[in-house]
Amino acid sequence: MDFYLTLEKVSVLFILIIVGFAVGKAKIVDQNGQKQLTSLVLKVTMPATIILAMQQPFSSEKIHNILILIVIMICCYIWMFISSSVVRRFFPNLEEGKKDIMQAGAILSNTSFMGYPIVLSLLGEQSLFYAVICGGFIFEIISWTFGVYLIGRNAKGAKPSLKQAIINPGVISIIIGGSLFLLNIKIPEPLFSTMIMLSSATSPLAMIVVGLILSRTKIRDAIKDKAVYVTSLNKLIINPLVIIYALKFLNFSSMNIVIPTVLLSMPTAAYVAMFSANTGNDDKFASQIVFICSLFSLITIPIMTSLI
């Protein structure tokens, strides 16, 4: 994939974050408004995006390919959990809540906003379907269950229960979208067009929320924080390299290498900052990880795509 094309796609992320940062500094949106925007993304626009991604014709061949990719993705997430568990031990004096954010930041990737466009550019629309169904499905399940639990278990706010981790907008939307795919049911108009409009708002709103959170913290702290850099190193370089060469060693090819590697080498998802804000954990620290990791991805993403 062309280096400058990749750079252009990644740069959009920073422009949106800067917009959110400027809006927060100008006090156009206050902290209460920030929380409301977060809820809007998590409970309305993101579910619409997830359901629409699964509006594809059903076939047995697709099911076979989906199952293979799901197994690969699960194995990759198991590896990332192990590596992030080891990395957090390097910071014995860090608060447990921040360690949880570090670990979540190393596992959860910005698959939809950045991963999907790059998969589309590399392999085309057919592979994008598998990226959304397999990568997106596993990502949403892990984010809304393990991710919510991990970020909230040592937070100052209310601790998330198992019921909250399972019954939430992300998982419910996956169940709805998956059911429509398996039953080969198309969403009728005008509901379909309405959901498209809602879905198009997800990426800019999510990045603006990150910028809003950053506007209320000191970027200087992020630049000085060793934990932020170590998380970015693990997320953007160590894990992707292990995944690339492990899949090549196992003789996988084409989309079975490209899709997992591209999706999981993306920077930390905005979910980490938003979940931290919702659970009462350190959302400023979480947004710093998102910011620095996204900044370094301007360099690492083109490198990883060239290695594929």
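A brief structural summary.

Criteria and thresholds
- Residues numbered from 1 in each chain as written.
- Predicted model: local features only at pLDDT ≥ 70, side-chain atom pairs only at ≥ 80, totals over all residues.
- Heavy atoms only, no water.
- Helix = DSSP H or I, 4+ residues; strand = E, 2+ residues; numbered from the N terminus.
- Buried < 20%, exposed > 50% of the residue type's maximum accessible area, 1.4 Å probe, protein only.
- Contact = heavy atoms within 4.5 Å.
- Areas by Shrake-Rupley, 256 points an atom, 1.4 Å probe, with all protein chains shown as cover.
- Expected span 1.5 Å × (residues − 1).
- Salt bridge = Lys/Arg side-chain N within 4 Å of Asp/Glu carboxyl O.
- Core = buried A, V, L, I, M, F, W, Y, C linked by side-chain atoms within 4.5 Å.
- Axes fitted to C-alpha atoms, helices over the stretch in contact; angles between N-to-C directions.
- Parallel < 35°, antiparallel > 145°, perpendicular 65-115°, else oblique.
- Nonpolar A, V, L, I, M, F, W, Y, C, P; charged D, E, K, R; others polar.
- Polar contact = N/O pair within 3.5 Å; in protein donor to acceptor, adjacent residues only side chain to side chain.
- Phe/Tyr/Trp six-rings, centres within 6.5 Å; stacked < 30°, edge-to-face > 60°.
- Left-handed = near helix turned anticlockwise from the far one by under 90°.

Attention now moves to the overall build of the protein. Scanning the protein from terminus to terminus reveals 15 helices and zero strands. Relative to its full complement of 308 residues, the protein shows a buried share of 55%. Considering only contacts within the protein whose residues lie at least 6 apart along the sequence, 86% involve residues at least 24 apart. Here the protein has roughly 13,700 Å² of accessible surface; of this, 67% comes from carbon and sulfur atoms.

A rise of 1.5 Å per residue sets the reference length of helix α10 (residues 202-215), with its 14 residues, at 20 Å; its end C-alpha atoms lie 20 Å apart and thus fit the reference within 8%. Of all 14 residues in α10, twelve are buried; the element is thus mostly enclosed. Every buried residue of α10 is listed here: Thr202, Leu205, Ala206, Met207, Ile208, Val209, Val210, Gly211, Leu212, Ile213, Leu214 and Ser215.

Pairing is possible between side chains that carry opposite charge, provided their charged atoms lie close to one another. Summed over all chains, the structure comprises five salt bridges. Salt-bridge contacts for arginine 153 lead to aspartate 100; the nearest nitrogen and oxygen are separated by 3.0 Å. A residue pair is termed long-range when its members are at least 10 positions apart, and arginine 153 in the loop between α6 (125-152) and α7 (162-166) and aspartate 100 in helix α4 (residues 96-107) qualify at 53 residues. Among the ionic contacts, a cluster of salt bridges with common partners joins Arg88, Glu96, Lys99, Asp100 and Arg153.

Within the largest apolar cluster, 79 residues are counted, with the highest numbers of intra-cluster contacts made by Ile66, Tyr77, Met102, Ile259, Tyr271 and Met274. With 13 residues, the single largest contributor to this core is α6. Look past the residues within four positions of tyrosine 271 in its chain and what remains in contact with it is Leu42, Met46, Phe139, Glu140, Ser143, Trp144 and Ser276. Counting six residues, the second largest nonpolar core, distinct from the first, contains Ile51, Leu52, Leu180 and Ile187.

Glancing now at the packing of helix α12 (residues 226-249) against helix α13 (residues 255-264). Where α12 contacts α13, the axes come no closer than 9 Å and their chain directions differ by 170 degrees. Compared by their axis directions, α12 and α13 come out roughly antiparallel. Each of Lys235, Pro240, Ile243, Ile244, Leu247 and Lys248 in α12 lies in contact with α13, whose residues at this interface are Asn256, Ile257, Pro260, Thr261 and Leu264. Considered class by class, the residues forming the contact of α12 with α13 number seven nonpolar, two polar and two charged.

To continue, consider the side chain of glutamine 55. With respect to the helices, strands and loops of the structure, glutamine 55 is situated in the loop between α2 (31-53) and α3 (60-88). Among the residues examined, glutamine 55 registers a relative accessible area of 12% and is labelled buried. Within the local environment of glutamine 55, its side chain forms a polar contact with the backbone oxygen of isoleucine 185, the two atoms lying 3.3 Å apart. Residue contacts for glutamine 55: discarding those within four places in its chain leaves Leu180, Ile185, Lys186, Ile187 and Phe192.

Enumeration according to the criterion identifies six aromatic pairs in this entry. The interplanar angle of 40 degrees and the centroid separation of 5.8 Å between the aromatic rings of tyrosine 229 and phenylalanine 296 together place this pair among those described as tilted. Taken as a pair, tyrosine 229 in helix α12 and phenylalanine 296 in helix α15 (residues 283-307) lie far apart in primary sequence, 67 residues in all. The partly exposed category is assigned to phenylalanine 296, whose relative accessible area is 31%. The rings of Phe139, Trp144, Tyr271 and Phe275 are connected pair by pair, giving a single aromatic cluster.

Two packed helices can be described by the angle between their axes and the distance between those axes. Taken N-terminus to C-terminus, the directions of α3 and α4 make an angle of 145 degrees; their axes are 9 Å apart at the nearest point. For the element pair α3 and α4, the recorded crossing hand is right-handed. Residues Tyr77, Met80, Phe81, Ser84, Ser85, Val87 and Arg88 of α3 form the contact with α4, whose participating residues are Glu96, Lys99, Asp100, Met102, Gln103, Ala106 and Ile107. Residue classes in the contact of α3 with α4 are distributed as seven nonpolar, three polar and four charged.

So, on to the environment of arginine 88. Relative to the helices and strands, arginine 88 resides in helix α3. Under the relative-accessibility criterion, arginine 88 is labelled buried at 10%. In the structure, arginine 88 is positioned 143 residues away from threonine 231 in sequence and 8.9 Å away in space, judged by C-alpha atoms.

The topology assignment puts serine 232 in helix α12. Every residue in contact with serine 232, bar those within four places of it in the chain, is listed here: Ile237, Ile292, Cys293 and Phe296.

For residues that are not glycine, phi is negative in most cases, and the peptide bond is trans in most cases. Here the bond from glutamate 189 into proline 190 is cis, since omega is 5 degrees, no more than 30 degrees from zero. As for its position among the elements, proline 190 is in the loop between α8 (169-182) and α9 (191-199). At asparagine 184, a position not held by glycine, the phi torsion is positive, near 55 degrees. Relative to the elements of secondary structure, asparagine 184 occurs in the loop between α8 and α9. Its relative accessible area of 43% is what places asparagine 184 among the partly exposed residues. Even without being glycine, asparagine 251 reaches a positive phi, approximately 65 degrees.

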